[in-house]
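Here are the chains, one letter per residue:
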Amino acid sequence: MNPLRLAQIEMFCAVVEEGTVIAASRRLNCVASNVTARLKELELLVGQELFLREKGRLILTPEGRLFYREAQPLVSGAQSLTDLFSEGSPRGILNIGALDVALQGYLPRIVPEFLKACPGVELKMFLRPTYTLERMLADGEIDLALTDGPIVHPLMESRFAFREKLALAMPGGQEGALDGQHVFLFNTDCFYRRYFETWLERHGVSNAIIHTVESYDVILACVQAGLGISCVPHSIISQMKSRRREGIAFTYPEDLKGSEVYFIWREPGLNDLGRRFLDYAPSYPDAHEK
């Protein structure tokens with residue numbers, strides 16, 4: 001069966017509301033014969049007579065009344081879709097994926113101002129690790145990502161956002177990473193985990209027992225209890241209350257430099273809402289410096 005077309009339904013509703021084919025054709029800016037033809041097509045498609053035709057008059061049948069009741073909201077909805085972007089202010093659903101450090105220390109400065117300027121935009125923000133963000137961006141699940149960069153890819157472009165420092169978190173009194181000790185880190189799709197594992201190897205730390213814990217609260221509680229060490233972004237540390245830092249030594253080794261966080265999007269170009277978001281996103285040398 002051929003599917004119903006919106007034009008057929010619009011013409012049917014116009015005839016019901018205007019009373020005649022002539023009046024409906026004037027409203028729709030088309031010839032009366034076109035309206036008549038679409039009505040006949042519609043009746044064939046639904047397999048029912050929607051009108052009784054008496055001496056040039058069209059009278060709704062019981063089936064026609066039911067069809068109009070179901071069809072009228074569809075026509076009204078289609079009209080509202082036509083007018084969806086007519087107000088002049090930006091509208092849409094903008095999907096952004098970000099690292100935890102971006103959501104913690106950087107985006108809180110940007111998002112409120114953006115939403116004030118673009119109240120018609122629905123923002124969806126996702127907390128994901130580096131490699132998941134890159135996959136989501138490539139698959140078109142998100143419009144914009146805030147992740148470790150820069151990225152070298154023929155189908156992606158990037159712009160610097162901020163620099164994130166990394167700290168070595170150790171039990172109080174410990175002066176450096178020890179061979180064979182416990183290490184608490186996020187999952188393997190986290191850039192910082194791979195970065196820190198390489199750092200441990202450079203410092204001759206082998207036989208480390210690495211625990212996968214996707215919670216900085218739990219990680220730091222384990223460090224605080226003297227169970228091992230971790231690698232923690234400065235953005236997370238700066239938000240901690242002083243009592244949560246007790247018993248933990250945070251140091252910033254020169255060769256544990258951290259990473260630069262970039263906005264990344266797909267080529268051939270960022271969509272209009274994404275560009276508007278970038279307009280409210282200045283670049284900072286440090287996530288906690290304005």
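Definitions and cut-offs
Residues numbered from 1 in each chain as written. Predicted model: local features only at pLDDT ≥ 70, side-chain atom pairs only at ≥ 80, totals over all residues. Heavy atoms only, no water. Core = buried A, V, L, I, M, F, W, Y, C linked by side-chain atoms within 4.5 Å. Buried < 20%, exposed > 50% of the residue type's maximum accessible area, 1.4 Å probe, protein only. Contact = heavy atoms within 4.5 Å. Pairing = 2+ DSSP bridges. Helix = DSSP H or I, 4+ residues; strand = E, 2+ residues; numbered from the N terminus. Axes fitted to C-alpha atoms, helices over the stretch in contact; angles between N-to-C directions. pLDDT = per-residue confidence, 0-100. Salt bridge = Lys/Arg side-chain N within 4 Å of Asp/Glu carboxyl O. Parallel < 35°, antiparallel > 145°, perpendicular 65-115°, else oblique. Left-handed = near helix turned anticlockwise from the far one by under 90°. Expected span 1.5 Å × (residues − 1). Bend = angle between axes of the 7 residues up to and from the residue.

## Let's talk about the nonpolar core
Side chains that are nonpolar tend, in soluble globular proteins, to be buried together.
In step 1: Of all hydrophobic cores here, the largest spans 64 residues; its most connected members are Y106, L107, L146, F196, F263 and F277.
In step 2: Beyond its immediate sequence surroundings of up to four residues, F196 is in contact with L168, V183, L185, I229, S230, C231 and L256.

## Details of the sheet that holds strand β6 (residues 156-164)
Strand pairs in the sheet, formed through backbone hydrogen bonds, run parallel or antiparallel to each other.
In step 1: Pairing in this open sheet of five strands is mixed, and the strands run β4-β3-β5-β12-β6 from one edge to the other. Two strands lie at the open edges of the sheet, namely β4 (121-127) and β6, each paired on one side alone. Going from strand to strand, the sheet's axes swing by 25° on average, the running direction of each strand aside.
In step 2: Pairing between β6 and strand β12 (residues 259-266): eight bridges, direction antiparallel. What sits directly across from F162, in β12, is V261.
In step 3: Packing of helix α7 (residues 130-138) onto the sheet brings it into contact with β3 (92-98), β5 (144-149), β6 and β12, and relative to β5 it is tilted by some 140°.

## Here we look at the confidence of the model for the chain
In step 1: For the chain, per-residue confidence averages 87 on the pLDDT scale, and 97% of positions sit at 70 or higher.
In step 2: Highest mean pLDDT in the chain belongs to β3 (94); lowest belongs to helix α11 (residues 242-245) (75).

## Observations regarding the environment of M125
In step 1: Locating M125 in the fold gives a position in strand β4.
In step 2: In this structure, the C-alpha to C-alpha distance between M125 and R243, residues 118 residues apart in sequence, is 30 Å.
In step 3: Excluding residues that lie within four positions of it along the chain, M125 makes contacts with I96, L103, L107 and V111.

## Some thoughts on the pattern of salt bridges
In step 1: All told, the structure shown has 14 salt bridges when counted by the stated rule.
In step 2: Note that E41 and R38 form a salt bridge whose closest N and O atoms lie 2.7 Å from each other. With E41 and R38 both in helix α3 (residues 32-46), this residue pair falls three residues apart, about one helical turn.
In step 3: Given a relative accessible area of 27%, E41 falls into the partly exposed group.
In step 4: Between E260 and R163 there is a salt bridge, and its shortest N-O distance comes to 2.7 Å. With a gap of 97 residues between them, E260 in strand β12 and R163 in strand β6 connect regions that are remote in the sequence.
In step 5: Put simply, R5, R38 and E41 are held in one network by salt bridges that share partners.

## Looking at the packing of helix α6 (residues 107-117) against helix α12 (residues 272-279)
In step 1: Put simply, α6 and α12 touch, their axes get as near as 9 Å, and they point 120° apart. Taken together, the axis directions place α6 and α12 in an arrangement best described as oblique. The crossing of α6 and α12 is right-handed. In contact with L107, I110, V111 and F114 of α6, α12 contributes L273, R276 and F277.

## Quick word on helix α4 (residues 62-82)
In step 1: In this model α4 runs 31 Å from its N-terminal to its C-terminal C-alpha over 21 residues, within 8% of the 30 Å that 1.5 Å per residue would give.
In step 2: Taken as a whole, α4 carries its principal kink of about 30° at A71; the proline P73 stands between one and four residues after it.
In step 3: All of the buried residues in α4 are G64, F67, A71, V75 and A78.
In step 4: On its buried face, α4 is in contact with α1 (6-18), α3 and β2 (57-60).

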